[in-house]
Amino acid sequence: AAQSNLHVTVNGRRAITTAVAPTGLTPDSRTPSSLQGQPTATPGLVVETCGEPLDTGLPLNGAALGPFVHRCSEVLGPRPELAERLPAVTGVAADAATMNRIAGAVARFEAWLQARFRPEAVLRGWPLLSLNPAGSVVSGTADLIVRTVEGLWIIDHKSDQVEDPAQTFAVYAPQLASYAAALEADGQKVLGVAINWLRRGSVTTAM
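These remarks concern the structure in this document.

The rules behind these values
- Residues numbered from 1 in each chain as written.
- Predicted model: local features only at pLDDT ≥ 70, side-chain atom pairs only at ≥ 80, totals over all residues.
- Heavy atoms only, no water.
- Helix = DSSP H or I, 4+ residues; strand = E, 2+ residues; numbered from the N terminus.
- Buried < 20%, exposed > 50% of the residue type's maximum accessible area, 1.4 Å probe, protein only.
- Contact = heavy atoms within 4.5 Å.
- Areas by Shrake-Rupley, 256 points an atom, 1.4 Å probe, with all protein chains shown as cover.
- Phe/Tyr/Trp six-rings, centres within 6.5 Å; stacked < 30°, edge-to-face > 60°.
- Lys NZ or Arg CZ within 6 Å of the ring centre and 35° of its normal.
- 1 Å grid on protein atoms, 1.4 Å probe; cavity = no way out; pocket = protein on both sides within 12 Å on 5 of 7 lines; lining within 4 Å.
- Points joined across faces, edges and corners; volume = space filled by probe spheres on them.
- Nonpolar A, V, L, I, M, F, W, Y, C, P; charged D, E, K, R; others polar.
- Axes fitted to C-alpha atoms, helices over the stretch in contact; angles between N-to-C directions.
- Left-handed = near helix turned anticlockwise from the far one by under 90°.
- Core = buried A, V, L, I, M, F, W, Y, C linked by side-chain atoms within 4.5 Å.
- Expected span 1.5 Å × (residues − 1).
- Salt bridge = Lys/Arg side-chain N within 4 Å of Asp/Glu carboxyl O.

1. Things to note about the overall build of the protein chain
- The secondary structure content of the protein chain amounts to 4 helices and 7 strands.
- Starting at the N terminus and walking to the C terminus, you meet the elements of the protein chain as β-β-α-α-α-β-β-β-α-β-β.
- Burial status across the protein chain gives 40% buried among its 207 residues.
- The contacts in the protein chain between residues at least 6 apart in sequence include a share of 67% that link residues at least 24 apart.
- Of the roughly 12300 Å² of accessible surface on the protein chain, a fraction of 53% belongs to carbon and sulfur atoms.

Shown next as structure tokens:
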């Protein structure tokens, strides 16, 4: 009898061989905030007072408080008259006294910003995209880019309750550096970076 060659294709689930994951891989993309945890010492830090410490008095934990105060700053910075609409905008129920305290803190920071930098323009929530030296795409959003006659300043809002601004600044330094790198890759001149400690009433700057 004649013999035939029969090829059988097996479809379906197959077991994956267990192995140790390789190390040192370069991720396709990263966010600037993922660079935290790699503290970078930054010489020449200056802490400047821009107002009084802010106590919202709201029962919000850190995960909820951060987005809330960021949103308040984003809305009230250019439009302080919208203070009474913050509950609707943020989805956080708060009385008029609380919203007025927050509006006052934002107004004091904005006054400091104008006096400190004399900006030609202030870009808020500005998206940035760059390629870092490792080859990863880094995409994020800078809270504030302040354009002056001499160049740009990058300012990030943080809601941390900090005791030592310099020590905490070091944790966020890689994030700020990634923003600066993205702008410089686009041919912009970055003069310095800063963190506005929303609950402290102070700003840490670094050139």
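2. Notes on the packing of aromatic side chains
- Inspection of the entire model under this criterion finds 4 aromatic pairs.
- Summarising the aromatic geometry, the rings of W112 and F117 are spaced 5.6 Å apart at their centres and angled 90° between planes, so their arrangement reads as edge-to-face.
- Residue F117 is classed as buried on the basis of its relative accessible area, which comes to 7%.
- A connected cluster of aromatic rings, assembled from ring pairs, spans F109, W112, F117 and W153.
- Sitting over the face of the ring of W153, R116 holds its NZ or CZ atom 5.4 Å from the ring centroid.

3. Things to note about empty space enclosed by the protein
- Scanning all chains against the criterion turns up 1 cavity of 30 Å³ or more.
- Its boundaries defined by the atoms lining it, the largest cavity holds a volume of some 150 Å³.
- In terms of lining, the largest cavity is formed by 17 residues, of which the most central are A105, V106, F109, N196 and L198.
- Counting only elements with at least two residues in the lining of the largest cavity, the list comes to α1 (62-76), α3 (96-117) and β6 (190-197).
- Per element, the largest residue contribution to the lining of the largest cavity is 5 residues, and it comes from α3.
- When the residues that make up the lining of the largest cavity are grouped by side-chain class, the tally is 10 nonpolar, 5 polar and 2 charged.

4. Description of the packing of α1 against α3
- Between α1 and α3, whose axes approach to 10 Å, the crossing angle comes to 65°. For α1 against α3, the interelement crossing comes out right-handed. Across from F68, C72, S73 and L76 in α1, the residues of α3 making contact are M99, I102, A103 and V106.
- When grouped by side-chain class, the residues that make up the contact of α1 with α3 number 7 nonpolar, 1 polar and no charged.

5. Description of the nonpolar core
- Core analysis: the largest hydrophobic core is formed by 19 residues, its most contacted members being L128, I154, F169 and L183.
- Of all the secondary structure elements, the ones that give two or more residues to this core are β4 (137-147), β5 (152-158), α4 (165-185) and β6.
- Ranked by the residues each element gives to this core, the list is headed by α4, at 8 residues.
- By size, the runner-up hydrophobic cluster in this structure holds 18 residues, among which are V69, C72, L86 and L198.

6. Here's the deal with α3
- Between its first and last C-alpha atoms α3 spans 31 Å; for 22 residues at 1.5 Å apiece the expected length is 32 Å, and the two agree.
- Within α3, burial applies to T98, M99, I102, A103, G104, A105, V106, F109, E110, W112, L113 and F117.
- At the exit of α3 stands R118, carrying a positive phi of roughly 45°.

7. Concerning the pattern of salt bridges
- Tallied over the entire structure, the rule returns 5 salt bridges.
- In this structure, E74 and R71 form a salt bridge, with 3.0 Å as the shortest nitrogen-oxygen distance. Note that E74 and R71 are positioned in helix α1 at a spacing of 3 residues, about one turn of the helix.
- Under the relative-accessibility criterion, R71 is labelled partly exposed at 34%.
- A salt bridge links K158 to D156; the shortest N-O distance between them is 2.9 Å.

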